[in-house]
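One letter stands for each residue in the lines below.
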Amino acid sequence: MDNKDESCSTHLIDGDGVFNVAGVENFMKEVKLAECGLSYAVVSIMGPQSSGKSTLLNHLFHTNFREMDAYKGRSQTTKGIWMARCTGIEPCTLVMDLEGTDGRERGEDDTAFEKQSALFALAVSDIVLINMWCHDIGREQAANKPLLKTVFQVMMRLFSPRKTTLMFVIRDKTRTPLENLEPVLREDIQKIWDSVPKPQAHKETPLSEFFNVEVVALSSFEEKEEQFKEQVASLRQRFFHSIAPGGLAGDRRAVVPASGFSFSSQQIWKVIKENKDLDLPAHKVMVATVRCEEIANEKYVSFTENEEWGQLEEAVNSHSVRGFGRKLSSILDACLSEYDAEATFFDEGVRSSKRKHLEEKLLQLVQPAYQSMLGHIRSDAFERFKEAFEKALKGGKGFALAARECAESFMSHFDEECTDAIIEQANWDSSRVKDKLRRDIDAHIAEVRSAKLAEVTTLYETKLNEALAGPVEALLDGAGDDTWPAIRKLLQRETDTAVSGFAAALSGFEMDEESTDGMVLRLKDYARGVVEAKAKEEAGRVLIRMKDRFSTLFSHDQDSMPRIWTGKEDIRAITKTARSASLKLLSVMAAVRLEDEGDSIDKILIVALVDGKAGASSAKSITSVDPLASSTWDEVPPSKTLITPVQCKSLWRQFKTETEYVVSQAIAAQEASKRSNNWLPPPWAIVAMVVLGFNEFMTLLRNPLYLGFIFVAYLLFKALWVQLDISGEFRNGVLPGLLSLSTKFLPTVMNLLKRLAEEGQGMASGQPQGNPALVSKSFRGSTNDNGDVSTSATSEVTSENGTEYSSSSLHDKTQ
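Everything numeric here is computed off the predicted structure, so don't read it as measured data.

Cut-offs used in this document
Residues numbered from 1 in each chain as written. Predicted model: local features only at pLDDT ≥ 70, side-chain atom pairs only at ≥ 80, totals over all residues. Heavy atoms only, no water. Helix = DSSP H or I, 4+ residues; strand = E, 2+ residues; numbered from the N terminus. Buried < 20%, exposed > 50% of the residue type's maximum accessible area, 1.4 Å probe, protein only. Areas by Shrake-Rupley, 256 points an atom, 1.4 Å probe, with all protein chains shown as cover. UniProt positions renumbered as here; feature names shortened; annotations may be inferred. Contact = heavy atoms within 4.5 Å. Polar contact = N/O pair within 3.5 Å; in protein donor to acceptor, adjacent residues only side chain to side chain. Patch = residues over 30% accessible without salt bridge, like charges linked within 9 Å, V, L, I, M, F, W, Y side chains within 5 Å. Salt bridge = Lys/Arg side-chain N within 4 Å of Asp/Glu carboxyl O. Pairing = 2+ DSSP bridges. Right-handed = clockwise from strand over helix to strand, strands pointing away. Axes fitted to C-alpha atoms, helices over the stretch in contact; angles between N-to-C directions. Parallel < 35°, antiparallel > 145°, perpendicular 65-115°, else oblique. Left-handed = near helix turned anticlockwise from the far one by under 90°. Nonpolar A, V, L, I, M, F, W, Y, C, P; charged D, E, K, R; others polar.

### What to know about the overall build of the protein chain
Here is step 1 of the chain: A tally of helices and strands in the protein chain yields 29 helices and nine strands.
Here is step 2 of the chain: Here the protein chain holds 815 residues, and the buried ones make up 43% of them.
Here is step 3 of the chain: When the accessible area of the protein chain is evaluated, it comes to approximately 43,600 Å², of which 53% is carbon and sulfur surface.

Quick look at the structure:
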């Protein structure tokens, strides 16, 4: 590769001051400048027109800048600013050849472009070569004096300038030794520095703070070419490793990373063209800001298009991903590492700021995925907690112990899962999600606790209801003096049993003593409530109960056998006993007596309702008015009252009204029984019948056929008597009996004749319809204690439906 190809020269700024953006970009790609980072140096040269600047650069850096043809005369060769890469020098060194000053081609415009180019060279270069002729040293108006003054004046406008190496190259050195020329040159430079107006901040700043001054001398290229080349070759060695500490470009305070050189140069020239003051540190920050912003945006876009991130995001939206934090941290770290690698040479403050901004954007991008992951972890932990908690409860473990162990276990498991999901680059706190899980767990525990407590409470309430309702109803049904003591004893026994089991069931919940006592008290109250409710329910049916008790005691004897009203019973005494028992039931039902406190309800009711006139005087001794004319009992609070005194009086009145009919029926049945038992005529009538009927009696004895006829007639009459229940019909009176017999007589006779005919046909055919013995037996009678002829078998022959009549059935009919 020849020098032309290696140097890769390009026109940086043309003669009209237009910055060649496309050319610089291509140049950077060709020389791979972006890969150099901070390992590069920029050298520029300025000096009078036709002073041999391009020639010096071509020999010093092996570039191919266009040189002036001496045979064509002295004229402007370099227009604008050219840039090339030095060949064979490490690190990468860029050299800029500036248009010469004091040229006749620009005329009056020369000073403007001279200042602009000098300012540009000073801003972008690490080393500025000032090419000057030897015979100009010591001259006040030499060509380089205004140029140096311009450079220094520009430098003073810089806010915080970088330290630049000014290398004065003395061309066409005479016999005067360099040792003599250098002090003169340095003295002139110092005078220029001292004469330049300075801002207040740099009034006392020495020249060395801004410039590192170097002086070299070269022989004439035309007269001593070989010596010139040797001196140039020696000078070239100083540009190797120029950026090393102590090198010509050792001060790297304001260096711009190689990847930002094009943009930096373009912006510097833009500011210069707009005649604005140049602040190198601010410019450095600007370049770093733009480039780091571009790099950050590139990395952000690269991250969003990352396939691994896309798969991870899609997966975490639907379910929990194992190793989420590690995977995402790796992707983020790779992205940030790429940014660091590309932005490492830019201003540290800007680089860090943009990196932080990029990191924030990336974290903002991935935060929804992280929150989704935490949501999955929380929901999974909560669901597993519910399953484990339910399993522990079914296994018989105590509620509080199971809740505590399961909650601690799954909260710890949640912490482990969150640790696995932690993103290294983020300092995100999962406490809010953890608190949400804790609240969910606590709410679930509270819900299950309430359900379980309700279940236990319902269980024991059901047991109490079953143990109390039926027995209390039975005790109240058989109301007596010991009814409420028995109920209290039953209540105490069943309540103690239930409370014992209930307290044992509550022990697993580890409730505080106050809460436990409260629930036990409510259970006791429930037991009392069951008794009171049952008592109130029975009190609502007290009238029915009283009537049932009255009917039972009135209609049955001491052996619980149905009474037969024969006329010997004391209906008044029986009625009083039955009513007293019914009144006892009313007094028992009148109030709830779950406390062992006496009351006088029973006595008041007996005095007011049973004792009659004697009781009325006794009642007046107790109160001046009717003792039942009140809505409350004196010794019973209203809350325990089931039946008020007024209601008792009304109920008793209704009870007596509805039971009087039964008593009247019994009295009527007794009178009818007495009449049926006295059917024989008086003795004198019997004697008269015997005396007067002696002849008829003897006739019957003489003619036995009459006796057979009379006997048959008697059997038929007896069958009709039994079948028609004549004595029973006449119990209710003569007229009702006759009316009833008139409707039943003919059907009964027809039925009897039909049966006799069937029996006769059966005997004639030799196939009797029934048992002959039974038929004959049906006509055999017997005399009972009262002289009545009766037989149970007769009713079998004479009854239509074969129903037997007894004293109890007759009694029922009377009712």
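Still more to cover.
### Remarks on the UniProt feature "binding site: GTP" (unreviewed entry) in the protein chain
Here is step 1 of the chain: Mapped onto this structure's residue numbering, the UniProt feature "binding site: GTP" (unreviewed entry) falls at Gly47, Pro48, Gln49, Ser50, Ser51, Gly52, Lys53 and Ser54.
Here is step 2 of the chain: Tracing the backbone shows Gln49 in the loop between strand 2 (40-46) and helix 3 (53-61).
Here is step 3 of the chain: Using a relative accessible area of 13% as the deciding quantity, one classes Gln49 as buried.
Here is step 4 of the chain: Mapped onto the secondary structure, Ser51 falls in the loop between strand 2 and helix 3.
Here is step 5 of the chain: When neighbours within four sequence positions are excluded, Ser51 is seen to be in contact with Asn131, Trp133 and Arg171.

### So, the environment of Tyr40
Here is step 1 of the chain: For Tyr40, the location among the structural elements is in strand 2.
Here is step 2 of the chain: The class for Tyr40 is buried, based on a relative accessible area of 3%.
Here is step 3 of the chain: A sequence separation of 218 residues divides Tyr40 from Ala258, and the C-alpha atoms of the two residues are 7.2 Å apart.
Here is step 4 of the chain: Residues in contact with Tyr40, not counting those within four places in the same chain, are Leu33, Pro91, Cys92, Asp126, Ile243, Arg252, Val255, Val256, Pro257, Ala258 and Phe261.
Here is step 5 of the chain: Only 2.4 Å separates the side chain of Tyr40 from the backbone oxygen of Val256, close enough to count as a polar contact.

### Considering a nonpolar patch on the surface
Here is step 1 of the chain: A surface patch of nonpolar side chains, about 840 Å² in accessible area, is lined by Phe711, Val712, Tyr714, Leu716, Phe745, Leu746, Met750, Leu753 and Leu756.
Here is step 2 of the chain: Secondary-structure elements contributing two or more residues to the nonpolar patch are helix 24 (704-724) and helix 26 (734-764).
Here is step 3 of the chain: For the nonpolar patch, the element with the most residues is helix 26, which contributes five residues.
Here is step 4 of the chain: With respect to the element layout, Leu753 can be found in helix 26.

### Some details on the pairing of strand 6 (residues 164-171)
Every regular strand shows the same layout, with side chains that alternate between the two sheet faces.
Here is step 1 of the chain: With eight of eight residues buried, strand 6 lies mostly within the body of the structure.
Here is step 2 of the chain: What you see with strand 6 is no split at all: Thr164, Leu166, Phe168 and Ile170 on one side and Thr165, Met167, Val169 and Arg171 on the other are buried throughout.
Here is step 3 of the chain: Pairing between strand 6 and strand 7 (residues 211-217): seven bridges, direction parallel. What sits directly across from Phe168, in strand 7, is Val215.
Here is step 4 of the chain: Read from strand 6 through helix 6 (residues 178-195) to strand 7, the crossover connection turns out right-handed.

### What about unusual backbone geometry?
Here is step 1 of the chain: That bond from Glu90 to Pro91 is cis: its omega, 0 degrees, falls within 30 degrees of zero.
Here is step 2 of the chain: Position of Pro91 among the secondary structure elements: in the loop between strand 3 (81-85) and strand 4 (92-98).
Here is step 3 of the chain: Positive phi is not limited to glycine here, since His241 has a value of about 50 degrees.
Here is step 4 of the chain: In this structure, Ser560 takes a positive phi of about 65 degrees despite not being glycine.
Here is step 5 of the chain: Assignment of secondary structure puts Ser560 in the loop between helix 17 (542-555) and helix 18 (571-589).

### Some words on the packing of helix 13 (residues 399-421) against helix 14 (residues 431-477)
Here is step 1 of the chain: Orientation of helix 13 relative to helix 14, taken along the N-to-C sense of each, is 160 degrees, at an axis distance of 11 Å. Between helix 13 and helix 14, the interaxial angle falls into the category roughly antiparallel. In terms of crossing hand, the pair formed by helix 13 and helix 14 is right-handed. Contacts from Phe399, Ala403, Ala407, Phe410, Met411, Phe414 and Asp415 in helix 13 reach Val433, Lys434, Leu437, Arg438, Ile441, Ile445, Val448, Arg449 and Lys452 in helix 14.
Here is step 2 of the chain: Across the contact of helix 13 with helix 14, the residue classes tally to 11 nonpolar, no polar and five charged.

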